[in-house]
Amino acid sequence: MMELTILGGAGEQSRSSYLLRQEDQYLLLDCGMDIAEETGNSPDRLRHIMSRLQAVFLSHAHEDHSIGLPLLERYGYTGEVWTTRATVRQLPVCLKALEEHQYAIADGGTVSPPAEQETIGNIRFRYLEDIAPRGEWTWVHPNMEVCWGRAGHLPGSIWVAVSWYGKMILYTGDYSAESRLLEADRPLHHSRILSRAYPAPGKIPDLDLAIVDAAYGVDTDRQGNKLSQLNRYMKETLKQGGAILLPVPVYGRGQELMLWASEQFADIPILVESDLLDALKLFAAEPHWLRADGTARIEQLLRHPRIYRMHDDPSREELFLRYPRSILFTDDGMMQSVKAQQHYTRIAAGRENRVIFTGDLAYGSFGRSLLMDMERRGCQIHHVRYKVHQGLPDVRQMLLDLKSPRTLLVHATRPRTDGLALRLQQEGFQQVHALQPEDQLYF
Ligand SMILES: [Zn+2]
Ligand SMILES: [Zn+2]
């Protein structure tokens, strides 16, 4: 029996880390675990298994999947972290969140601030694209065979299928087939009987377990519905002469929404934080992760006559005064930063303006409190999700594509995955699990 322990990600949406064990050997899928040494179970568990950890896979750079990488280094992990070049390039920016997190704990007096030099500099990253093209099976360890594909979530984001000790496991990472900019490779089932002894290229044989991004639970909307709603809100605002503030993360949906907005509202000034434009250039440098027209669209946006870069307080102030009817992008999806909150102060002063959130808002975040608290509204506040994960129709299709394997639904709160598991069971899917951190699953 193989054992899966949830270090983060099942029954919650803010972390992702799955530890597999076969006898005394381990395999780790993503590093988004609870990193607090005093309170978290994960550091304790990991400290003792480093010499028996055969491999680590990192699906993409977002901090909810990568925040525990420095723990591996601290505990002396000398094995390989398998990922992609684009992911490693994005890690420094994504791991900034780690410093903030640790210092916040330090303020509470439980942990001393990390030494300046605590980094991921000694981690041995290996690039999957160097050893096998996407969709092709390859050996990464004497007893471990792997196949990977693009996950459509970020440049460099992947799903991995791993064959290990006779078990076949698929981990989707954060997956979306509905990105308008990024390409995704659908993981597809292929019977072993039809193929030769080894799995055929691009195909996944019978799975023993699929760990599947189900962040949107039973939400049935397609990307097109979400974008029509967003378009409606933005049109209304612009008609009234107002400005729209879109808080987005540095890497991810922000770049997609910038492209979309510049194409939908070609005459409207678009005011963008400098880091978001720099990240867009990084996207352009990774054309193999993009859809066929991706590079051309990005180049067009970078040449757009009405794109304005905000790089400091005076430029933010000045551009907002000059263009009261505009679309603003700030690089902080939950508006935790002072910079994002200053944007809000300017926007909130005009009733014709709107803030539109497009991602999940964590409990306790500034964004969530704005959305929930009617009193604070000077302007209108909305939430229209831009899909970068999977909802009901996406998960259903994925399970059909994989011939309904045993499935663990992840990356959403427990009520959300419970609801989706129930719905899928009602539709006839068997062995659909919803768990939570520290739970174990044997298969
Ligand atoms: Zn992500
Ligand atoms: Zn994630």
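As the structure is a computational prediction, the values presented were derived from the model and not from experiment.

## Description of the overall build of the protein
When its secondary structure is counted, the protein shows 15 helices and 22 strands. Principal-axis analysis of the C-alpha atoms gives the protein an extent of 65 × 50 × 40 Å. For the protein, the proportion of its 443 residues judged to be buried stands at 45%.

## Quick look at the sheet that holds strand β8 (residues 144-150)
The strand order across the open sheet built from seven strands is β7-β8-β9-β10-β13-β20-β21, with neighbouring strands paired in mixed fashion. The open sheet has two edge strands, β7 (138-141) and β21 (432-434), and neither has a second partner. Strand-to-strand twist in this sheet, taken as the mean axis angle between neighbours without regard to direction, amounts to 25°. As judged from the four bridges shared by strand β13 (residues 209-213) and strand β20 (residues 407-410), these two strands associate in the parallel manner.

## Quick word on unusual backbone geometry
With a phi close to 50°, E23 is a non-glycine residue in the positive phi region. Within the secondary structure, E23 sits in the loop between β2 (17-22) and β3 (25-29). One non-glycine residue, Q431, lies in the positive phi region at around 55°. As for its position among the elements, Q431 is in the loop between α15 (414-426) and β21.

## A look at the environment of E317
Tracing the sequence through the fold places E317 in helix α11 (residues 313-322). Looking at E317, the number of C-beta atoms within 10 Å reads 13, which means it is partly exposed. Sequence-wise, E317 and R346 are 29 residues apart; in three dimensions their C-alpha atoms are separated by 8.5 Å.

## Regarding the pairing of strand β10 (residues 167-171)
Of all five residues making up β10, four are buried, and the element is well covered by its neighbours. One ladder, built from five bridges, connects strand β9 (residues 158-164) with β10; its direction is antiparallel. Across the sheet, W164 pairs through a bridge with K167, a residue of β10. Between the antiparallel neighbours β9 and β10 lie two residues, among them Y165 with a positive phi of about 45°. The sheet contact formed by β10 and β13 spans three bridges and is parallel. Looking at the pairing, I169 lines up with L209 of β13.

## Some remarks on helix α14 (residues 392-401)
Looking at α14, one finds that the buried residues are D394, V395, M398 and L399. Along the long axis of α14, the arc covered by the buried residues comes to 130°, so they all point the same way. Residues of α14 that are buried sit in contact with β13, β20 and α15. Looking at the residues trailing α14, positive phi occurs at K403, about 60°.

## With respect to the packing of helix α8 (residues 253-264) against helix α9 (residues 274-284)
At their nearest, the axes of α8 and α9 sit 10 Å apart, and the two run at 95° to each other. With respect to their mutual orientation, α8 and α9 come out roughly perpendicular. Taking contact as the criterion, the partners of G254, Q255 and M258 in α8 are, on α9, L276, A279, L280 and F283. Looking at side-chain class alone, the contact of α8 with α9 contains five nonpolar, two polar and no charged residues.

## Remarks on α9
Listed in full, the buried residues belonging to α9 are L276, L277, A279, L280 and F283. End-on view of α9: buried residues confined to an arc of 160°, all on one side of the axis. On its buried side, α9 packs onto α8, β15 (270-273), α10 (294-302), β16 (307-310) and β17 (327-330).

## Points about the domain arrangement of the protein
Segmentation of the protein into domains returns domain 1 (3-219 + 389-442) and domain 2 (223-383). For domain 1 versus domain 2, the separation of C-alpha centres amounts to 29 Å. Facing the 17 residues of domain 1 at the interface are 17 residues of domain 2. Taken together, the residues of the side of domain 1 that touches domain 2 break down into seven nonpolar, five polar and five charged.

## Brief notes about the sheet that holds strand β14 (residues 244-247)
Read from one edge to the other, the open sheet built from six strands follows the order β16-β15-β17-β14-β18-β19, with strand pairing classed as parallel. The open sheet terminates on both sides in strands that have one partner only, identified here as β16 and β19 (380-383). For this sheet the average axis-to-axis angle between neighbouring strands, irrespective of direction, equals 20°. With four bridges joining them, strand β18 (residues 354-357) and β19 adopt parallel strand pairing. When the bridges of β19 are listed, I356 appears paired with H382. Across the face of the sheet, α9 comes into contact with β15, β16 and β17 while running at roughly 85° to β15.

## Here we look at the pairing of β20
Within a regular beta strand, the side chains point alternately toward one face of the sheet and then the other, so they alternate between its two faces. On β20, burial covers both faces: T407 and L409 on one face and L408 and V410 on the other are all buried. For the handedness criterion, the β-α-β arrangement of β20, α15 and β21 is classed as right-handed.

## Observations regarding the nonpolar core
In terms of nonpolar packing, the biggest core is built from 117 residues, with L170 and M258 touching the most fellow members. The element contributing the most residues to this core is β9, with six residues. Mapped onto the domain boundaries, this core takes at least three residues apiece from domain 1 (3-219 + 389-442) and domain 2 (223-383).

Reading the values: the criteria
Starting from 1, residues in each chain are numbered consecutively following that chain's sequence as written. The lettering of chains begins at A and the numbering of ligands begins at 1, in the order of writing. The predicted origin of the model limits local features to residues at a pLDDT of at least 70 and limits the giving and counting of side-chain atom pairs to 80 or more, whereas totals for whole chains, interfaces and linings rest on all residues. Only runs of H or I of at least four residues qualify as helices and only runs of E of at least two qualify as strands under DSSP, and these elements are numbered from the N terminus. Here a residue counts as buried when 20 or more other C-beta atoms sit within 10 Å of its C-beta, as exposed when there are 12 or fewer, and as partly exposed otherwise, the C-beta atoms being derived from the backbone. What makes two strands pair is DSSP finding at least two bridges between them. The axes are straight lines fitted to the C-alpha atoms, using for helices just the contacting stretch, and the angles between their N-to-C directions are given from 0 to 180°. What the arc covers is the set of directions going from the helix axis to the C-beta atoms. Throughout, a pair of residues is in contact if the C-beta atoms placed from their backbones lie within 7 Å. In this scheme, roughly parallel covers angles under 35 degrees and roughly antiparallel covers those over 145, while 65 to 115 is roughly perpendicular and the rest are oblique. Residue polarity is assigned by list, with Asp, Glu, Lys and Arg as charged and Ala, Val, Leu, Ile, Met, Phe, Trp, Tyr, Cys and Pro as nonpolar; anything else, Gly included, falls into the polar class. All domain edges in this entry derive from an automatic or database-based domain assignment. A clockwise course of the path from the first strand over the helix to the second, judged with the strands pointing away from the viewer, identifies a crossover as right-handed. In this description, a nonpolar core means buried residues of the types Ala, Val, Leu, Ile, Met, Phe, Trp, Tyr and Cys, linked to one another by C-beta atoms lying within 7 Å.

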